[in-house]
Amino acid sequence: MKAALVGADGTLLHEARRATGRKRGADAVVETILAFAADLRAHGEEHFGESAVAAGVAVPGIVDAEKGIAVYSANLGWRDVPMRALLSQRLGGIPVALGHDVRTGGLAEGRIGAGRGADRFLFVPLGTGIAGAIGIAGRIEAGAHGYAGEIGHIVVRPEGPDCGCGQRGCLETLASASAVTRAWAAASGDPEADAADCAKAVESGDPAAIAVWRDAVDALAAGLVTALTLLDPSALIIGGGLAEAGETLFTPLRAAVEERVKFQKLPHIVPAALGDNAGCLGAGLLAWDLLATEVSA
């Protein structure tokens, strides 16, 4: 878990990390989150002379932001956790905003990161899976049911690998960091090899690595072109573990997207700027937004 104290202008004042401890069960994870938030608030009082005036928390899985409920997370094992109410109670009744981790990271990238100044953008982190956050006029579009932006489950190769969602050939089965890791471990014969190793092998000219990388980039380009056809963003912001490969990823990706674009407008394809602080900063922005909404109301 990553946590931060965030100023009104998005400045990162203090950050801390703590093990999630998910092996201890869902209830223990929730208690760890509450205790972490309380410790962070106490740090602010001690070092900045004042208490936090609101809190934001971003969690994975299905989130009902309006009701403040963490509905479901397969990785953390919880269901219907009233996160907003629990946090507010632990923090002395201050307002609490709850958000989805990827959409919250996208909010930060859009406002104070790589998408600053872009009225429409799509933020796509390439990690264990692939998700997306649709930025529109400074806000993140959650969709009618909270599922907007799930670009990882666009089918790009119908005869491709089985996906955990029940479909075949989903984008995240082909172009996530996990997918590249699996493909490169098989191609290299090294079960310990991962996506970062594949990127290094690409840079050294290894033909097998180049083939694995090309397959992933081609699938990613197909998914991104589908998304930009629907959304017409001015910027595609790519983050997550694969983006750490830098131009080893971005040079062929820009070329592959450009090759596929016909009538669509080609957006700027840029690396995320905030790294793994995006979620913390985004949660802080959610909290400040909540305060602004309460003031205006």
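Residues numbered from 1 in each chain as written. Predicted model: local features only at pLDDT ≥ 70, side-chain atom pairs only at ≥ 80, totals over all residues. Heavy atoms only, no water.

> Could you give me a rundown of a nonpolar patch on the surface, with the residues and numbers involved?
Together, Ile-62, Tyr-72 and Tyr-147 make up a nonpolar patch on the protein surface, roughly 280 Å² of accessible area in all. By the element assignment, Tyr-147 lies in the loop between strand 10 (139–141) and helix 4 (172–175). (Patch = residues over 30% accessible without salt bridge, like charges linked within 9 Å, V, L, I, M, F, W, Y side chains within 5 Å. Areas by Shrake-Rupley, 256 points an atom, 1.4 Å probe, with all protein chains shown as cover. Salt bridge = Lys/Arg side-chain N within 4 Å of Asp/Glu carboxyl O. Helix = DSSP H or I, 4+ residues; strand = E, 2+ residues; numbered from the N terminus.)

> Give a detailed account of the environment of Gly-239, specifying residues and quantitative values.
Its place among the elements puts Gly-239 in strand 11 (residues 235–239). Sequence spacing of Gly-239 and Leu-274 is 35 residues, and the spatial spacing of their C-alpha atoms is 8.9 Å. Apart from the residues lying within four places of it in its own chain, the contact partners of Gly-239 are Phe-123, Val-124, Pro-125, Leu-126 and Ala-272. (Contact = heavy atoms within 4.5 Å.)

> Can you lay out helix 1 (residues 26–48) for me, pointing to particular residues and giving the numbers?
End to end, helix 1 covers 33 Å across 23 residues, agreeing with the expected 33 Å (1.5 Å per residue, within 8%). Those residues of helix 1 not exposed but buried are Ala-26, Ala-28, Val-29, Val-30, Thr-32, Ile-33, Leu-34, Phe-36, Ala-37, Leu-40, His-43 and Gly-44. Its buried side turned inward, helix 1 meets strand 1 (2–6), strand 2 (12–17), strand 3 (55–59), strand 6 (78–81) and helix 2 (83–90). Gly-49 lies just past helix 1 and shows a positive phi near 75°. (Expected span 1.5 Å × (residues − 1). Buried < 20%, exposed > 50% of the residue type's maximum accessible area, 1.4 Å probe, protein only.)

> Can you explain the pattern of salt bridges? Please cite residues and give values.
Following the criterion strictly, the structure yields eleven salt bridges and no others. One salt bridge in this structure joins Asp-119 and Arg-120, with 2.4 Å as the shortest N-O distance. Take Asp-119: its relative accessible area is 44%, and that puts it in the partly exposed class. Of the charged contacts, one joins Arg-157 and Asp-218 as a salt bridge, the two residues approaching to 3.2 Å between their closest N and O atoms. Residue Arg-157 is located in the loop between strand 10 and helix 4, and its partner Asp-218 is located in helix 7 (residues 207–231); the two are separated by 61 residues in the primary sequence. Taking the relative accessible area as the measure of exposure, Arg-157 reaches 27% and is therefore partly exposed. When salt bridges that share partners are traced, they join Arg-111, Arg-139 and Asp-289 into one network.

> Before we move on, can you summarise helix 3 (residues 101–112) with the specific residues and values?
When the terminal C-alpha atoms of helix 3 are compared, their 16 Å separation across twelve residues agrees well with the 16 Å that a helix rising 1.5 Å per residue should span. With nine of its twelve residues buried, helix 3 lies for the most part within the structure.

> With reference to specific residues and values, describe the sheet that holds strand 8 (residues 120–125).
The five strands lie next to each other as 10-9-8-11-12, forming an open sheet whose pairing is mixed. Strands at the two margins of the open sheet, each flanked by one partner only, are strand 10 and strand 12 (268–271). Strand-to-strand twist in this sheet, taken as the mean axis angle between neighbours without regard to direction, amounts to 30°. Running at roughly 130° to strand 8, helix 3 makes contact with strand 8, strand 9 (133–136), strand 10 and strand 11 of the sheet. (Pairing = 2+ DSSP bridges. Axes fitted to C-alpha atoms, helices over the stretch in contact; angles between N-to-C directions.)

> Which residues make up the environment of Cys-163, and what values go with them?
Mapped onto the elements of the fold, Cys-163 is located in the loop between strand 10 and helix 4. Since its relative accessible area comes to 11%, Cys-163 is described here as buried. Spatially, the C-alpha atom of Cys-163 lies 8.4 Å from that of His-153, the residues being ten residues apart in sequence. Filtering out sequence-adjacent residues up to four positions away, Cys-163 remains in contact with His-153, Cys-170, Glu-172 and Thr-173.

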